[in-house]
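Here are the chains, one letter per residue:
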Amino acid sequence: MAVTLRVNGRSVTVDVPADMPLLWVLRDVLDLKGTKFGCGVAQCGACTVHVNGAATRSCVLPATAAQGADVVTIEGLSGDGSHPLQRAWQELDVAQCGYCQAGQLMSAAALLARTPRPSDADIDAAMNGNLCRCATYLRIRQGIHRAAAIAADGAGAGAGARNGRSGDSNL
Amino acid sequence: MDTTVQVSRRRFLHVSAIVGGGLVFGFRIGSPESLAAADLLGGTTTADFVPNAFIRMMPDGIVTIMAQNPEIGQGVKTMLPMIIADELDVDWKDVRVEQAPLDTTKYTGQFAGGSNATPSHWMPMRRAGAAARSMLVAAAAQQWNVPVSQCTTASGVVHHRASNRRLPYRDLLDRAATIPAPDPATVPLKDPGEFRIIGTRVPNVDNPAIVTGKPLFGIDLTMPGMLHAVFEKCPVFGGKVASANLDEVRAQPGVRHAFVVEGGTALNGLLGGVAIVADTWWAARTARQRLRVTWDEGPTVQQSSAGFASQAEALSRQAPQRTLRGDGDVAAALGGAANVVEAAYHYPFLAHAPLEPQNCTAHYRDGKLEIWAPSQTPQSGRQLVARTLEMDESDITINLMRMGGGFGRRLYNDYMVEVAWIAKQIGVPVKLVWTREDDMQHDFYRPAGWHYLRGGVDAAGRIVGWQNHFVSFGEGDRFASSAAISPSEFPARFLANFSLGASVMSFGVPTGALRAPGSNGIAFVTQSFIDELAHSAGKDPVQFRLDLLGGAQEGAAFNADRMRGVLELVAERSGWGRQRHPRGTGMGVAFHFSHRGYFAEVAQVTVSPDGALKIDKVWVAGDVGRQIINPLNAEHNVQGGVLDGIAEALSQEITIERGRTVQSNFHDFRLMRMTEAMPVEVHFRITDFDPTGLGEPALPPAIPAVTNAIFAATGKRIRTLPISKTDLSWS
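Since we're looking at a predicted model, the values are computed, not measured.

Caption draft 1: Focus on the overall build of chain B. Along its length, chain B carries 18 helices and 28 strands. By the compact-globule yardstick of 27 Å for 731 residues, chain B fits well, its C-alpha radius of gyration being 28 Å. The C-alpha extent of chain B, read off along each of the three principal axes, is 85 × 75 × 45 Å. Per-residue burial over chain B gives 57% buried out of 731 residues.

This is the structure we're talking about:
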């Protein structure tokens, strides 16, 4: 059936089965491969996108249920990797294999949109649904704090990075 | 055009001189492979300099370096090119990294496993960079008519100090192509003090693509006309299709093909099942919901985890089927011991569960097969495909795709041979994507193991005897894959009286290597039992281990001084023994040698009276030789390895019932989540040994460090994993 969505600011109409999850519409119909398939049952968060601003597991959301919705994927977070989270992720080398990171970034972006300077507890609450099999969690937490600081600097607040709970090193 | 081709050919003739038939570069003079290398590198123009299979330099100053090994998140796609670039003496900002395809004519050791990339490729990558550098220096010296020995390089520029002349590499490419190439074995290498990239914190080269969601992984591949496949196998390993409602499946929307794959009997080959191919993956998956298969489940339907456990228990009451090692007289030593400790340890089957489900893409046409494979062992995969499809390996091309985790799962190429078979049937490009449930239920599991131990200490608190009856899986005198123990496994050759025996059960569960195979279970057993003996002797667990290491004999499996070094370092950095903890909080220590790496770790845990476990922190000291190539990534591998081991220990278990895997997804096979990740402090002890790998050796000691800390905190000894099986409450 026909579904009309706004995806990364662009209006698209697709003709898909009624139960086809948004994930597979994004990946295989719209060829937006950034959003990942991990579990298919909303357990891992790799498929996280924003639906009307809310972090949403696209693997269990039929596209028909998103009729008319505003959908933002990793490809729409910024055109050029300039979002504070994308900058922080590169600066801190957050990823290992990188597979979960689109979902991590989208969950984190939704968090920062409503809580610009999150505490560790805020981060845990927002991010605990996103699995990272490589266990890059220490840097994900650090990356969110760093992005908050970058955003604050960009907004003229001039605050430095708050330290997250993180691994130390002698290197 | 003709001119271009001739020049390219001439360049490759020069390249061939570098090789001298050696394995480092692997070019053959004037061979089709060498010309294919030009294609691989994007086609040469008259202005490019392609000194070997790893490097292409262009007049705009950009240096393209081929990353030869599969990338699973271990950072090898960044690390190996760093080594080449440093010896080439160019700036990292001018380097572009490309993934090489499988090509055994040009590259050796194109696999990801065993923490092998560093020890195998450290010197060859240095020589590849240095050989190209020496040709550029010779070109400059020739142009200036000065001795090579008076020329130096830095940041992609040759400098002649006496005349203060400089030439950037990009202006030397044509002349460098005419320079006879040096013998890689004798080409001058940098003094380590001159490294400018090696030893610096270099971020992952794929970061920009990762954070912007660019197609990067195997599962992201797409091409015109590509169809999508799912493959249903018998839930009992090795079972075959008796019948299936294929007509009904074929009638489902979007379905193009549905057919039975007969398959073989080898659990690591192509197994029987039903392939469904459709216009979209969702259509294939939806049609699969309608699939009804009658399976011929075969004899292994009888097997279960509970059955294995009771067999192991029965075997433990008999003498070991085989003696793997017997030093001294353990029975007499234990007879005379002041304290004897007896303990049975067990660890379960585990899945790998990389976050990217197994997938692979293939296109068969005109008798040739091209595969886009997220595989840790593409060469073995090609062999398997060739054997199964009765093709020549030379007709199969394999492109390497970045992988969303490996952990050993993608050492096995079952998904590759499945898609290859399907592709040959349908003749158009096809991508096979497994569901998470397929992945969880058709893994090559870390084998479960049982260890029945007796050990004794004398009145002075020294270990006088150690005996282990290891019960595992296998047939006769052969262990199943990754189910073995080495006769030299620690503490062999550290104790005068030591015996190791083994008994095996036959079975039909596919098993395989999981990150730090063998070690990921054995270290838990060995380092926990050492802890039991330390406590029975009333000794400090660190000092007790230092004393044990002091007993190293000829033939010990590792260098005891290096292990003592990391043990002392981690004790110091963790503040071991310097503070008294309240009941419910404790520290545990463990060490392990694997994959040429020495690791000692301390964990601090807090257990609430009602049994809630919190791991407060882990300290790590590692020794992998004289050079940490990329400290940033090294730290990530160590932290990730520690957290991976702890995740396994906390709650992971695969159980087998009625011949099939019970767990199916992340709700019943739990990965670590953010709230469980504790700080991991990493220290490296630099020693003058050749550098070795970091993907695995940090993992094994993390588990017993935690379980020993639980004992220190609560007095509860964890002898069975996962920890979640034990009630940790105390009062």
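Caption draft 2: View of the sheet that holds strand E3 (residues 63–67) of chain B. Residue and element names in this part refer to chain B. Here we have 4 strands laid out as an open sheet, ordered E1-E2-E3-E4, and mixed in their pairing. The outermost strands of the open sheet, each flanked by one partner alone, are strand E1 (49–52) and strand E4 (95–99). Neighbouring strand axes in the sheet, compared pairwise and without regard to direction, differ in orientation by 20 degrees on average. Bridge count for E3 against E4 is 5 bridges, and the pairing is parallel. Within the sheet, the bridge partner assigned to Ile65 lies in E4 and is Val97.

Caption draft 3: Expanded view of the interface of chain A and chain B. Across the contact, 51 residues belong to chain A and 54 residues belong to chain B. Mapped onto the side of chain A that touches chain B, the elements with two or more residues apiece are helix H1 (22–29), helix H2 (74–77), helix H3 (84–92), helix H4 (101–114), helix H5 (120–127) and helix H6 (137–154) of chain A. With 4 residues, the single largest contributor to the side of chain A that touches chain B is H6 of chain A. Partitioned by chemical class, the residues of the side of chain A that touches chain B number 24 nonpolar, 17 polar and 10 charged.

Caption draft 4: Spatial organisation of helix H18 (residues 702–714) of chain B. Residues and elements named next belong to chain B. Over its 13 residues, H18 runs 18 Å from end to end, which matches the ideal 18 Å to within 8%, given 1.5 Å per residue. Along H18, 12 of the 13 residues are buried, which leaves the element largely enclosed by surrounding structure. Where H18 is concerned, the buried positions are Ala702, Ile703, Pro704, Ala705, Val706, Thr707, Asn708, Ala709, Ile710, Ala712, Ala713 and Thr714. Once H18 finishes, Gly715 follows within two positions and takes phi at roughly 80 degrees, a positive value.

Caption draft 5: Structural detail: the pairing of strand E19 (residues 449–457) of chain B. All names here are of chain B. Of all 9 residues in E19, 8 are buried; the element is thus mostly enclosed. Bridge analysis of strand E14 (residues 339–347) against E19 gives 9 bridges, and the strand direction is antiparallel. When the bridges of E19 are listed, Glu342 appears paired with Arg454. Here E19 pairs with strand E20 (residues 463–475) via 8 bridges, running antiparallel. Bridge pairing in E20 links Leu453 to Asn468.

Here is what the cut-offs are and how they apply
- Residues numbered from 1 in each chain as written.
- Chains lettered and ligands numbered in written order.
- Predicted model: local features only at pLDDT ≥ 70, side-chain atom pairs only at ≥ 80, totals over all residues.
- Helix = DSSP H or I, 4+ residues; strand = E, 2+ residues; numbered from the N terminus.
- Rg over C-alpha atoms; globule rule 2.2 N^0.38 Å.
- Buried ≥ 20, exposed ≤ 12 C-beta atoms within 10 Å, placed from the backbone.
- Pairing = 2+ DSSP bridges.
- Axes fitted to C-alpha atoms, helices over the stretch in contact; angles between N-to-C directions.
- Contact = placed C-beta atoms within 7 Å.
- Nonpolar A, V, L, I, M, F, W, Y, C, P; charged D, E, K, R; others polar.
- Expected span 1.5 Å × (residues − 1).

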